[in-house]
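Architecture at a glance
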Amino acid sequence: MKILALIPHYNHPTTVGSVAHTLRDFGLDVLIVDDGSRPECRPLLQGLHANGIHVLFRERNGGKGAAVKTGLQYAAQGGYTHVLQVDADGQHHLADTPKFIAAAQRQPENVICGEPQYGDDAPKARLYGRKITDFWNMLHTASRDIKDGMCGFRLYPVAAAIAVIREEKLGDRMDFDTEILVHLYWRGIKPVWIPTPVRYAQDGVSHFRAWADNLSISKMHARLFCTMLWRRITGSLKR
């Protein structure tokens, strides 16, 4: 296995450096894909690059999904077999990274996903939104196998993820994480779940756009539902 740690980044200059260095301390190559952040973020990212952390700059903000797609394509071109995706805001419990790697070594063909364990600091709106997504994912898969579709702490098999990106129309923003997971599931690539704490700092910066992202997520679920019905009708949906 050759694993690349991927950090999609947009305006998190106070946390992205510590996230990147922590992942590198686990012996991983690290890639930050900057998704059109403010100009004042660039010197920090260039400093990280000078210290051995790979950085790609997207000139315009395209969304988290677009940044992850860029990172997965970079990994495929670089010969990496797996990508560990981690958010840049420091909310993930990176001490669990060895658990993800060990799970991938046991089941390299599967996607290893963080199952968030929330504390009292979790915003209620986020929890309710996740419950709605969980309901839709049960419909899309006719199962409870996708325990959380939105957690950005996960480890992909690169070949399978790239195949989905090339062959399916996936969203470029907050809808991406759920959509690729459902498409992988339909292709027989089941998620393996690692319980992991998620922390929400009081002064944390969220780039979730309440109206725009909820709309794109709603469209994504409608798209998946229609696709699921069509595939069941035609018998092309793998289980």
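Throughout what follows, the structure given in this document is the object of discussion. As the structure is a computational prediction, the values presented were derived from the model and not from experiment.

Taken as a whole, this structure holds zero disulfides when the rule is applied. Here cysteine 151 is not disulfide-linked; the sulfur of cysteine 113 is the nearest cysteine sulfur, at 8.1 Å. The exposure class assigned to cysteine 151 is buried, which follows from its relative accessible area of 4%.

Let's shift gears to the environment of valine 19. Within the element layout of this structure, valine 19 appears in helix H1 (residues 16-25). By relative accessible area, valine 19 is classed as buried at 3%. Taking C-alpha positions, valine 19 is 6.5 Å from alanine 88, a pair spaced 69 residues apart along the chain.

As a further point, take the sheet that holds strand E6 (residues 154-157). The strand order across the open sheet formed by seven strands is E3-E2-E1-E4-E6-E5-E7, and the pairing between neighbours is mixed. Pairing within the sheet leaves two strands with one partner each, and these edge strands are strand E3 (54-58) and strand E7 (191-198). Neighbour-to-neighbour, the strand axes of the sheet open up by a mean angle of 25°, direction not taken into account. As paired strands, strand E5 (residues 111-118) and E7 are joined by eight bridges and run parallel to one another. Paired with isoleucine 112 across the strands is valine 192, a residue of E7. Contacts from helix H2 (residues 42-50) reach strand E1 (3-9), strand E2 (29-35) and E3 within the one sheet, and its direction differs from that of E3 by about 145°. Strand contacts of helix H4 (residues 97-106): E1, strand E4 (82-85), E5, E6 and E7, with the helix running at about 145° to E5, the strand carrying the most contacts.

Basis of the calculations
- Residues numbered from 1 in each chain as written.
- Predicted model: local features only at pLDDT ≥ 70, side-chain atom pairs only at ≥ 80, totals over all residues.
- Heavy atoms only, no water.
- Disulfide = S-S within 2.5 Å.
- Buried < 20%, exposed > 50% of the residue type's maximum accessible area, 1.4 Å probe, protein only.
- Helix = DSSP H or I, 4+ residues; strand = E, 2+ residues; numbered from the N terminus.
- Pairing = 2+ DSSP bridges.
- Axes fitted to C-alpha atoms, helices over the stretch in contact; angles between N-to-C directions.
- Contact = heavy atoms within 4.5 Å.

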